[in-house]
Amino acid sequence: MHITLNGEQADIAEGSTVAGLLKHLQLPRERVAVEVNLAIVPKAAYDSRGLAEGDRIEVVHFVGGG
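What comes next is a walk through the structure. (Residues numbered from 1 in each chain as written. Predicted model: local features only at pLDDT ≥ 70, side-chain atom pairs only at ≥ 80, totals over all residues. Heavy atoms only, no water.)

**Thoughts on the overall build of the protein chain**
For the record, the criterion: Under the DSSP-based scheme used, a helix requires at least four consecutive residues in state H or I and a strand at least two consecutive residues in state E, with every element numbered from the N terminus. The size measure is the radius of gyration over C-alpha atoms, and the globule rule it meets is 2.2 Å times the number of residues to the 0.38 power. Partly exposed describes any residue whose relative accessible area lies between the buried limit of under 20% and the exposed limit of over 50%, with all areas from a 1.4 Å probe on protein chains only and scaled to the type maximum.
Counting its regular elements, the protein chain contains one helix and five strands. Overall, the protein chain shows an N-to-C arrangement of helices and strands of β-β-α-β-β-β. Radius of gyration (C-alpha) of the protein chain: 11 Å, near the 11 Å computed for a compact globule of 66 residues. Seen through its principal axes, the protein chain has C-alpha atoms that stretch 40 × 25 × 20 Å. Taken over 66 residues, the protein chain has a buried fraction of 30%.

What follows is the structure in structure tokens.
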């Protein structure tokens, strides 16, 4: 299935969730914010929020430093 991930086309498996996408991208769910189709997804919904053909997903990860 085709999605747009951070402005670029990407292919993911049918039935993917936000949690599954983060795992595939090797991003820790504690340090990211995810938006699907302009709506922020609460961390508690990562496991249940399914992704669909054509979804536009933005993933922002936070880095520490000084």
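**Describing unusual backbone geometry**
Unlike most non-glycine residues, Gln26 shows phi in positive territory, near 60°. Of note in this structure, Asn37 is not a glycine but carries a positive phi near 50°. Mapping Asn37 onto the fold places it in the loop between strand E3 (32-36) and strand E4 (39-41).

**Comments concerning the environment of Ile3**
Formally: Should any heavy atoms of two residues lie within 4.5 Å, those residues are counted as being in contact.
As for its position among the elements, Ile3 is in strand E1 (residues 2-5). On the basis of relative accessible area, Ile3 is assigned to the buried category, the value being 1%. Those residues in contact with Ile3 that sit more than four places away from it in its chain are Glu8, Gln9, Ala10, Ile12, Ala52, Asp55 and Ile57.

**A look at the side chain of Ser16**
For the record, the criterion: Polar contact criterion, stated in full: a pair of N or O atoms within 3.5 Å, where within protein one must be able to donate a hydrogen and the other to accept it, and residues adjacent in sequence count only if both atoms are side-chain atoms.
Position of Ser16 among the secondary structure elements: in the loop between strand E2 (8-11) and helix H1 (18-24). Looking at Ser16, its side chain comes within polar contact range of the main-chain oxygen of Ala13, at 2.6 Å. If we ignore the near neighbours within four places in the chain, the residues touching Ser16 are Met1, Arg49, Gly50 and Leu51.

**Describing the environment of Val36**
With respect to the helices and strands, Val36 occurs in strand E3. For Val36, a relative accessible area of 2% translates into the label buried. A C-alpha to C-alpha distance of 10.0 Å links Val36 and Ala52, two positions 16 residues apart in sequence.

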